[in-house]
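# Overview (structure and organization)
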Amino acid sequence: KYDDERVCASLKAECGNSNSCREQARRWNCAPWWDDRDNYTQNHKPIDEQIEDAARIDVVFVLDTTGSMSSLIDGAKKKIWSIASALQRSKNPAQLRIGLIGYRDRGDDYVTRNYDLTSDISSIYRHLLNFEAKGGGDTPESVNQALEEAVHDMPWRRDRQALKLVFLVGDAPPKHYRNDVPYSRSVKDAHHKDIIINTIQAGNSSDTRRVWQDIANLSGGDYLQTGYQTVRNTQTPYDNQIQTLNQ
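The shown structure was predicted, so the numbers you read here are calculated from the model rather than taken from an experiment. Here the residue numbers are simple positions, counted from 1 along each chain's written sequence. Predicted model: local features are reported for residues with pLDDT of at least 70 only, side-chain atom pairs are reported and counted for 80 or more only, and whole-chain, interface and lining totals are derived from all residues. To get the side-chain values, take all heavy atoms of the structure and skip hydrogens and water.

Here we take up the pattern of salt bridges. Salt bridges are counted wherever a side-chain nitrogen of Lys or Arg sits within 4 Å of a carboxyl oxygen of Asp or Glu. This structure, assessed with the given rule, holds eight salt bridges. Residue D109 pairs with R104 through a salt bridge whose shortest N-O separation is 3.9 Å. Each residue gets one of three labels from its accessible area relative to the maximum for its type: buried under 20%, exposed over 50%, partly exposed in between, using a 1.4 Å probe on protein chains only. The exposure class of D109 is exposed, given its relative accessible area of 70%. Residue R104 is classed as buried on the basis of its relative accessible area, which comes to 5%. In this structure, D180 and R106 form a salt bridge, with 3.4 Å as the shortest nitrogen-oxygen distance. One end of the pair, D180, is in the loop between β4 (163-170) and α8 (183-192); the other, R106, is in the loop between β2 (96-103) and β3 (112-118), with 74 residues separating them in the sequence. For D180, a relative accessible area of 15% gives the class buried. Look at R106 and you get partly exposed, because its relative accessible area is 34%. Linked by salt bridges that have partners in common, D58, R97 and R157 make up one network. Secondary structure is summarised from DSSP: a helix means a run of H or I of at least four residues, a strand means a run of E of at least two, and numbering begins at the N terminus for each.

In C-alpha cells form, the structure reads like this:
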C-alpha cells in the first residue's frame, strides 16, 4: 500500500536516491512505489521515441474550458492540434486515434463533454474548435472527474503494444468533491492500463504547477508550463486552417 504517492513523488524529485532519502522513504512507506518507479524509469523511452516507434497510437486531450481560459483557449487549441498533427506524421498515421474531453465544474452548462477515440481526425478537429471558455466561477475545476473519465470511459485499445497518451491542458488545480475519484487514483489506474499522462499548464499558478507536476511524475509523462503570452502567441502550421474553420 502506498501511503501517499504525491508525497513519495515529491520526496524523490527533491533529493533523489541518497541514503537519507531512502530512509525517509521507508518511514513514509514509499519504498514499493519508489522501486517500481525506478524500474519504470530505467526501462522507459522518451515519449518522442515511443511515438516514432509506435505502430498504433491512442491519444486523449483533456482541456479546461472554463472562463479563466478565455484568453488562452485559442492558443491551447493550437497547441493541442500541433501535437495531434505531429502524431499523424509518425510511421503509421493510419493507426492514430484521437479523443477529446472538455471540462468545467459542477453547476456549469456541463462538467465534462466527451468525444470518444476515433480515427476520424477531422471530426475531433471540429469538436475542438467548437469549445468555448465559459463558467467556472471559483478557481479550482473538475480536473479529477475529467481525468477519471479519460482513463476509464474512453475506449482505449487493449493492445499492450499500442502507445496510449493523455494530454491534460489547463490553468487551475482540481476541486476536491467528496464523491470524486482523486487524481492519484486515476494516475495509478492509468499506469495499470499502460496510459501515460502528460500535463501542459497554462499560466503560472503555483497550485496548478504542483498538481500538474505530480500527475506527470506519477505516470511517467512530461510536464510543460506555458505562460499566458506564450500560449496566446503560439504559432503552428495549422493557424490558417483554424482561422478558416472559425469563419
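This part covers the packing of aromatic side chains. Ring geometry is summarised as follows: Phe, Tyr and Trp rings, the Trp one being its six-membered ring, pair when their centres sit within 6.5 Å, and such pairs are stacked at plane angles under 30 degrees, edge-to-face over 60 and tilted between the two. By the definition in use, this model includes three aromatic pairs. The residue whose ring lies beneath R106 is Y177, and the NZ or CZ to ring-centre distance is 3.9 Å. Should the NZ of a Lys or the CZ of an Arg lie within 6 Å of a ring centre and within 35 degrees of the ring normal, that charge is described as sitting over the ring.

Here we come to the sheet that holds β3. Strands pair, by our definition, only if DSSP identifies at least two bridges between them. What the six strands build is an open sheet, ordered β3-β2-β1-β4-β5-β6; its pairing is mixed. Two strands close off the open sheet at either side, each with one partner strand: β3 and β6 (223-226). Between one strand axis and the next, the sheet turns through 15° on average, direction left out of account. In this sheet, β3 lies alongside β2 in antiparallel orientation, the contact comprising five bridges. Bridge pairing links I101 to N114 in β3. Axis definition: a line fitted to C-alpha atoms, limited for helices to the stretch in contact. Angles are taken between N-to-C directions and run from 0 to 180 degrees.

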